[in-house]
Structure formats: structure tokens, C-alpha cells
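# Residue-level structural notes
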Amino acid sequence: MSPSTSVLLPTTTRSSAVEEIATQLTRSDELLVICDHETDPVVDYAAGFERTRIVVAGDPVGCSGKANAIAAGMEAAAHDRIVWTDDDFHHPPDWLNELHQAYESDGPVSELYFFRGADPLSLLLEPINAIGGTLGTYANDKAWGGAVMFDHDDLDFDALLRDLRRTVSDDGLLSEYLDVTSLKRIRRVQIGGSIRETLERHVRFMQIVHRHNPWDTVILGITTSLLALFCLLVPVYAVSGVTLLAAGVYAYFGVRRWTALLACPAIIVQVPLLIYALTRRTFVWGGRRYRWHSKFDVEVVK
């Protein structure tokens, strides 16, 4: 028997993830659906599922809405075994059980994401997200807030709660508090929908890297610039080499997508996008605009 578990799901919409997770719970488990306000559409919807509780986090002050929701869920959780997850991917029927099995053999565990684009820019950036995001997360055993399991005693619980309420990235922060094993298990997450939305996401992701691992930003900038020069100056060799790299990463994680062919132009575009992301003063996430002064200095712009 797996220990009693609290699954934290931040969402404000009538997401199918609520039903997917609720049907996997045992009698001693609970699903905490964390929303912003009592008027959010998910409140009435989630009330119809057994072992599901609504947690109203309220508006964030000095942190992101996501970090605020996770902190509220952590405080409300009734059990020591904790799962964080998101509402933007499919949770198969054995999802929770497989996380438990992995925890028993490896301790705290996290799954991986593959971002599938829904607009021209997010499609172009798929190879970059796969190489720098999916592969980078896996190679460095970083936590992904979309599917991570840990116990209360695996980290400094009180310190994590304190810091969640003064930063932007929930999983970026969690990776500093928790040693996880990244599972080679991909969850496909659709992103984008408009170029503006993709730009805002890109800005947020790059600023997360910059705030939590400043040297990673330097390394990323140098590596990307060199690869872009390679693509521009020696295109015959660069196109084949970079495309093979992206295709290899896709194949390693079991992803079959034609977008691996976009690796070379994606790398070239990444240079100005990186500069743009690091010079932007604000970004939008979940309908709110944030100004991120430093890792623990976040302003919610009205």
C-alpha cells in the first residue's frame, strides 16, 4: 500500500485533469484543487468528485500566482506524501501509482515534459525546448512542477513555504530544496496559441534560468551564439549536425515530431530571443503581469 497522499493541482478552469486524478485516488488520498477565487469555474466542477477539496489561494502578493497556489496547497495538505502537478497534460490511469513505485526505488522523483507548439513561434522553438529543457532537466535531475513526488521530510518544508511566497518559479525553487531523480517519462504539454503568448513564456523561462542559475545564462548565451555562427557560416555541415542532434534527443525520449528539422533556424532565432528575454522588464503569466527584480523580490504589476 502506498502512503496517504495529497495531490496539489493549481487550476481555475474546468480541467479534465481533475477527473483524471480524482479517479486514481485511494480512500486515504486527497486531491487539492487550488484556485484564485471562489468564483473560478473549477470550484463547482471539482466539488462533484470524491476526496477532492477546494483551496482558495487568493491573489498573490510579492510572488507569482502559481507559487502562491502551491504554497496554499502545501499548507492545506493533510498528508506527508506530496505530489505537485499541472492541468495542461493528460494523466493516464496509472500515473499516480507509477509515481509511487518510482519513489519507493529512487526517493523523490519527477517526470519530464515535452512542449508541443500551437503557433508558428512555439513550433519553431520545439527543438530548443527539447534540447535545453527536456534533456537539460533530465541530465541535471531537476524537478518539474508538472509531475513531482516527495515526502514532507525530504526537504526543509517551512523554508520552502516562506520562499514560495516571495518568488516566481515554483519548480525552479523546488530544485534548490529537493534532490530528485528525473524519470525518463515524457508528458506532452501543448503551449502557445499566439506568438505573443509564446514570447511571454519564453521571457519567463529565460528569467527563471537567470534568477536561479546566473552562470547557466552565461553558458547558454555563449553556446547558443557559437552554434548560431556555425549555422550561418558553415550551413552545409551545421544543418545536418544540429538537425541530427535534435532528432537524436527526440528519439531518446520517444518523441516523433517533424519539428526536429527546425533545429538550425531555431538556434539562430534563439540569440535575439535570449537578448529580448533578459532585457524585458516585465512579463505576463496567467493573466497577471510581473516585474521580477531579483530572485526574492517580485512585484505584481497592477
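Structure: see above.
Description of the structure in this document. (Residues numbered from 1 in each chain as written. Predicted model: local features only at pLDDT ≥ 70, side-chain atom pairs only at ≥ 80, totals over all residues. Heavy atoms only, no water.)

## Side note on the pairing of strand 10 (residues 297-301)
Inclusion rule: Residue exposure (1.4 Å probe, protein chains only): buried if accessible area is under 20% of the type maximum, exposed if over 50%, otherwise partly exposed. Only DSSP runs of H or I reaching four residues or more are called helices, and only runs of E reaching two or more are called strands; each is numbered from the N terminus. One bridge is not enough; two strands pair if DSSP finds at least two bridges between them.
Taking every second residue as pointing to the same face, the buried face of strand 10 carries Val 298 and Val 300, while none of Asp 297, Glu 299 and Val 301 on the other face is buried. In this sheet, strand 10 lies alongside strand 9 (residues 288-294) in antiparallel orientation, the contact comprising 5 bridges. The residue bridging Arg 289 from the neighbouring strand is Val 301, located in strand 10. The hairpin turn running from strand 9 into strand 10, its antiparallel successor, is 2 residues long.

## Section: helix 12 (residues 263-279)
Heads up, the condition is: Take the residue count of a helix, subtract one, and multiply by 1.5 Å to get its expected span. A residue's bend is the angle separating two fitted axes: one through the seven residues that end there, the other through the seven that start there. Throughout, a residue-residue contact means that at least one pair of heavy atoms, one from each residue, lies within 4.5 Å.
Its 17 residues give helix 12 an end-to-end C-alpha distance of 24 Å, which sits within 8% of 24 Å, the value for a rise of 1.5 Å per residue. At Gln 270, helix 12 shows its maximal bend, which comes to roughly 30°, and the proline Pro 272 appears one to four places after that position. Listing the buried residues of helix 12 in full gives Ala 263, Cys 264, Ala 266, Ile 267, Gln 270, Leu 273, Leu 274 and Ala 277. Buried residues in helix 12 make contact with helix 5 (120-124), helix 6 (126-139), helix 9 (195-212), helix 10 (214-233) and helix 11 (235-252).

## Some words on the pairing of strand 6 (residues 147-151)
Counted residue by residue, strand 6 has 5 buried out of 5 residues, so it is predominantly covered. Examined bridge by bridge, strand 4 (residues 81-85) and strand 6 share 5 bridges and lie antiparallel to one another. Across the sheet, Arg 81 pairs through a bridge with Asp 151, a residue of strand 6. Here strand 5 (residues 109-117) pairs with strand 6 via 2 bridges, running antiparallel. What sits directly across from Ser 110, in strand 6, is Val 148.

## As for the sheet that holds strand 10
Quick reminder of the rule: Axes here mean lines fitted to C-alpha atoms, for a helix over just the part in contact, with angles spanning 0 to 180 degrees between N-to-C directions.
Reading across the sheet, the 3 strands line up as 8-9-10 and stay open at both edges, with antiparallel pairing between neighbours. Here the strands that pair on one side only, and so sit at the sheet edges, are strand 8 (283-285) and strand 10. Going from strand to strand, the sheet's axes swing by 40° on average, the running direction of each strand aside. Both strand 8 and strand 9 contribute to a ladder of 3 bridges, which runs antiparallel. Looking across to strand 9, one finds that Phe 283 is bridged to Tyr 290.

Read these as spatial facts, not as claims about activity.
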